[in-house]
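Structural overview
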Amino acid sequence: MKKFFALIMAALLLAATPAQAQSSTVHNADNAAELAGAPVEKFYASLPKAKGNYKSRVRPILIEGAMNTETEVLIRALKNPAAYRELNYLFVAGTYENYPVVVVRTEIGMANAAASTALAIKKFNPVAVINQGTAGGHDPALHIGDIVIGERTFDQTAYKSDYAAAGAGVDLTRQEMRGAYAYDQTSGTFKTRKEYFPDATLLKIAKDVAAANDNFNVVTGVIATGNIWLSNIDYISFLHETYGSSCEEMETNAAAQICQNAGVPFIGIRVLSNNITVNKEYVPATGTIAQNFVLLVAEDYIRDVLKK
């Protein structure tokens, strides 16, 4: 617990640095995230390189984060870590609570999340996938540092717009959510799917962890995914009111889609690093909060499900 509070204090100190205070544009926010995670590269480079193929008597848990600020705590928690590289994606395998765990830095964006998740499923054969990291808030009731357990996720860019003639202007709210294609086990074909739901066991454990630890402010909600960074408050409000979105980020739905295809249990968990509906502050270091929460989820999943 002392370690957890130390990490929270570190996050708050990082939030006060000039680089992170420049949060008025996407460019400055991206710079803040990169600066916050820059020292971690030396640590990752020092990790022992894996030799040969991954071998484990039992299937590991796969935990995903897109950036250094979303993976460092997880990787430092592993015992006997070994680094693998596949198509330039970083995978670190080790043990946590005496159980095999693989952490992947998916890199930012839906294509990267899908590719690294597919590679991880093929290479490591995980028993479950937890996608976690930071997100921007859509719900005005949520604040920086709040955690959203995804009771569902959708691709906020997978819509069909209404017809509008040339010169009629642009109204993004005139749309029909269509989803993207994913494998359907029943029919044995790929079908459009508008949203994905978490594994029931993982969802219950995440909720139980939240209930048992008042150090975290946690809600269950809806994670919107897209290769976009929205700053239009009216459109954010439209997504929140129309689809129930709690927050937005760039990886969860893509990873969920691949897990659906492969039949691997999945859950998405996000912490708010910003909420433009409240203010323009951006704190990428809040990624430590999500990672500490996810480690507790993994611990309970290992003890109550995998080791039974």
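The structure reproduced in this document is the subject of the present report. (Residues numbered from 1 in each chain as written. Predicted model: local features only at pLDDT ≥ 70, side-chain atom pairs only at ≥ 80, totals over all residues. Heavy atoms only, no water.)

1. As for the overall build of the protein
Rule in force here: By the criteria applied, helices consist of DSSP H or I runs no shorter than four residues and strands consist of E runs no shorter than two, each listed in order from the N terminus. In this analysis, two residues are considered to be in contact whenever any of their non-hydrogen atoms come within 4.5 Å of each other. Here the open area of atoms and residues is found with the Shrake-Rupley method and a 1.4 Å probe, where only the protein chains shown may cover a residue.
Regarding its fold elements, the protein presents 10 helices and 14 strands. Pairs at least 24 residues apart make up 77% of the contacts formed inside the protein by residues separated by at least 6 positions. Taken as a whole, the protein presents about 14400 Å² of accessible surface, with 53% of it coming from carbon and sulfur.

2. Description of the packing of helix H6 (residues 110–124) against helix H9 (residues 252–262)
This is how the line gets drawn: Axes, fitted as lines to C-alpha atoms, cover a helix only where it is in contact. Angles between the N-to-C directions of the axes lie from 0 to 180 degrees. Here is the rule for handedness: rotate from the far helix to the near one, and if that takes an anticlockwise turn smaller than a right angle the crossing is left-handed, while a clockwise turn gives right-handed. Amino acids are sorted into nonpolar (Ala, Val, Leu, Ile, Met, Phe, Trp, Tyr, Cys and Pro), charged (Asp, Glu, Lys and Arg) and polar (every other residue, Gly among them).
H9 packs onto H6 with a crossing angle of 35° between their chain directions and a minimal axis gap of 8 Å. Crossing of H6 over H9 shows right-handed handedness. Residues Met110, Ala113, Ala114, Thr117, Ala118 and Ile121 of H6 form the contact with H9, whose own contacting residues are Ala254, Ala255, Ile258, Cys259 and Ala262. Split into classes, the residues belonging to the contact of H6 with H9 amount to 10 nonpolar, 1 polar and no charged.

3. Some thoughts on the side chain of Glu248
Heads up, the rule is: In this scheme, a residue with accessible area under 20% of its type's maximum is buried, one over 50% is exposed, and one in between is partly exposed, where area comes from a 1.4 Å probe on protein chains only. When charges are counted, neither His nor the chain ends are considered; positive counts come from Lys and Arg and negative counts from Asp and Glu. Any carboxyl oxygen of Asp or Glu that lies within 4 Å of a side-chain nitrogen of Lys or Arg is treated as forming a salt bridge with it. What qualifies as a polar contact is a pair of N or O atoms within 3.5 Å, subject to a donor-acceptor requirement within protein and to the restriction that residues adjacent in sequence count only when both atoms come from side chains.
Mapped onto the elements of the fold, Glu248 is located in strand S13 (residues 245–249). Despite its burial, Glu248 pairs with no opposite charge; the closest candidate is Arg270, at 11 Å N-O. In terms of polar contacts, Glu248 uses its side chain to reach the side chain of His138, at 2.8 Å. At 3.1 Å, the side chain of Glu248 and the backbone nitrogen of Leu230 are in polar contact. When sequence neighbours within four positions are dropped, the list of residues in contact with Glu248 reads Ala135, Gly136, His138, Gln156, Ala224, Ile228, Trp229 and Leu230.

4. Focus on the packing of aromatic side chains
Definition in use: When the centres of two rings from Phe, Tyr and Trp lie within 6.5 Å, Trp using its six-membered ring, the rings pair. Their planes under 30 degrees apart give stacked, over 60 give edge-to-face, and anything left gives tilted.
Considering all chains together, one arrives at 11 aromatic pairs under this definition. Seen in terms of ring centroids, Phe238 and Tyr243 are 6.0 Å apart; in terms of plane orientation they differ by 85°. Their pairing is edge-to-face. By relative accessible area, Phe238 is classed as buried at 15%. On the basis of relative accessible area, Tyr243 is assigned to the buried category, the value being 15%. The structure contains a cluster of three or more aromatic residues connected by ring pairs, namely Tyr54, Tyr84, Phe91 and Phe124.

5. Observations regarding the packing of helix H7 (residues 200–212) against helix H10 (residues 287–306)
A pair of packed helices is characterised by two quantities: the angle between their axes and the separation of those axes. The line we're drawing: Each angle receives one of four descriptions, namely roughly parallel if under 35 degrees, roughly antiparallel if over 145, roughly perpendicular if within 65 to 115, and oblique otherwise.
At a closest axis distance of 9 Å, the pairing of H7 and H10 adopts a crossing angle of 120°. Between H7 and H10, the angle is such that the two are oblique. Along this stretch, H7 crosses H10, giving a crossing that reads as right-handed. Of H10, the residues touching H7 (which contributes Thr201, Leu202, Ile205, Ala206, Val209 and Ala210) are Phe293, Leu296, Val297, Asp300, Tyr301 and Val305.

6. With respect to H6
Helical geometry: 3.6 residues make up each α-helical turn, so side chains three or four residues apart lie on a common side. Which entries qualify depends on this criterion: Here the expected span of a helix is defined as 1.5 Å times the quantity of residues minus one.
Compared with the 21 Å implied by 1.5 Å per residue over 15 residues, the 21 Å span of H6 between its first and last C-alpha is a close match. Looking one or two places after H6, you find Asn125, whose phi comes out positive at around 50°.

7. Description of the environment of Asn274
Here Asn274 lies in strand S14 (residues 266–274). Overall, Asn274 belongs to the buried group, its relative accessible area being 12%. A distance of 3.0 Å separates the side chain of Asn274 from the side chain of Ser273, its partner in a polar contact.

8. Here we look at the nonpolar core
Filter applied, for reference: For our purposes a nonpolar core is just a set of buried Ala, Val, Leu, Ile, Met, Phe, Trp, Tyr and Cys residues, chained together by side-chain atoms within 4.5 Å.
Within the largest apolar cluster, 42 residues are counted, with the highest numbers of intra-cluster contacts made by Ile61, Ile63, Ile130, Ile267, Ile269, Phe293 and Val297. Those residues within four positions of Ile61 in sequence are excluded, and the remaining contacts are Tyr99, Pro100, Val101, Val102, Val127, Ala128, Ile130, Ala298, Tyr301, Ile302 and Leu306.

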